[in-house]
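Understanding the architecture of this molecule
These are the residues of each chain, in order.
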Amino acid sequence: MSWQAVVVGAFVLQAVLAVPLLLTRRADRHARLPFGPAMVAAAALTVGISSLLAR
């Protein structure tokens with residue numbers, strides 16, 4: 001796995017977190033959602049998945 005997988009995973013994770021907030025109107029299009037936690041979570045998931053696939 002590469003950094004590209006981490007970045008794509010972070011964007012997907014951020015979208016998964018943002019869509020419910022937008023649908024429930026707890027956030028609007030201009031709300032600032034922190035991207036750092038999604039990046040850290042995506043990196044951890046990528047490392048975990050790559051170690052499982054390496055077995």
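My aim in this report is to walk through the structure given alongside it, one point at a time. Model, not experiment: these values are computed from the prediction.

1. Re the overall build of the protein
Helix and strand content of the protein: two helices and zero strands. Here the C-alpha coordinates of the protein stretch approximately 45 × 15 × 15 Å along the principal axes. By element, 69% of the accessible surface of the protein is carried by carbon and sulfur atoms, the whole surface being about 4500 Å².

2. So, helix α2 (residues 36–54)
With 19 residues, α2 should reach 27 Å at 1.5 Å per residue; the first-to-last C-alpha distance of 27 Å fits that figure. Residues Ala38, Ala42 and Thr46 constitute the buried set of α2. All buried residues of α2 lie within an arc of 70° about the axis, which places them on one face of the element. Relative to its buried face, α2 has exposed residues pointing more than 90 degrees away, namely Pro37, Val40, Ala44, Val47, Leu52 and Ala54. Among the structural elements, α1 (3–23) are those in contact with the buried residues of α2.

3. Describing α1
Helix length check: α1, at 21 residues, gives a terminal C-alpha distance of 30 Å against a target of 30 Å (1.5 Å per residue), a fit within 8%. On its buried face, α1 sits against α2. Once α1 finishes, arginine 25 follows within two positions and takes phi at roughly 60°, a positive value.

4. A closer look at the packing of α1 against α2
Relative to each other, α1 and α2 sit at 125°, their axes nearing to 8 Å. The angle between α1 and α2 falls in the class oblique. As α1 runs across α2, the sense of the crossing is right-handed. Here Ala5, Val6, Val7, Gly9, Ala10, Leu13 and Gln14 of α1 come into contact with α2, specifically with Ala38, Met39, Ala41, Ala42, Ala43 and Thr46. By residue class, the composition of the contact of α1 with α2 is ten nonpolar, three polar and no charged.

Basis of the calculations
- Residues numbered from 1 in each chain as written.
- Predicted model: local features only at pLDDT ≥ 70, side-chain atom pairs only at ≥ 80, totals over all residues.
- Heavy atoms only, no water.
- Helix = DSSP H or I, 4+ residues; strand = E, 2+ residues; numbered from the N terminus.
- Areas by Shrake-Rupley, 256 points an atom, 1.4 Å probe, with all protein chains shown as cover.
- Expected span 1.5 Å × (residues − 1).
- Buried < 20%, exposed > 50% of the residue type's maximum accessible area, 1.4 Å probe, protein only.
- Arc of directions from axis to C-beta.
- Contact = heavy atoms within 4.5 Å.
- Axes fitted to C-alpha atoms, helices over the stretch in contact; angles between N-to-C directions.
- Parallel < 35°, antiparallel > 145°, perpendicular 65-115°, else oblique.
- Left-handed = near helix turned anticlockwise from the far one by under 90°.
- Nonpolar A, V, L, I, M, F, W, Y, C, P; charged D, E, K, R; others polar.

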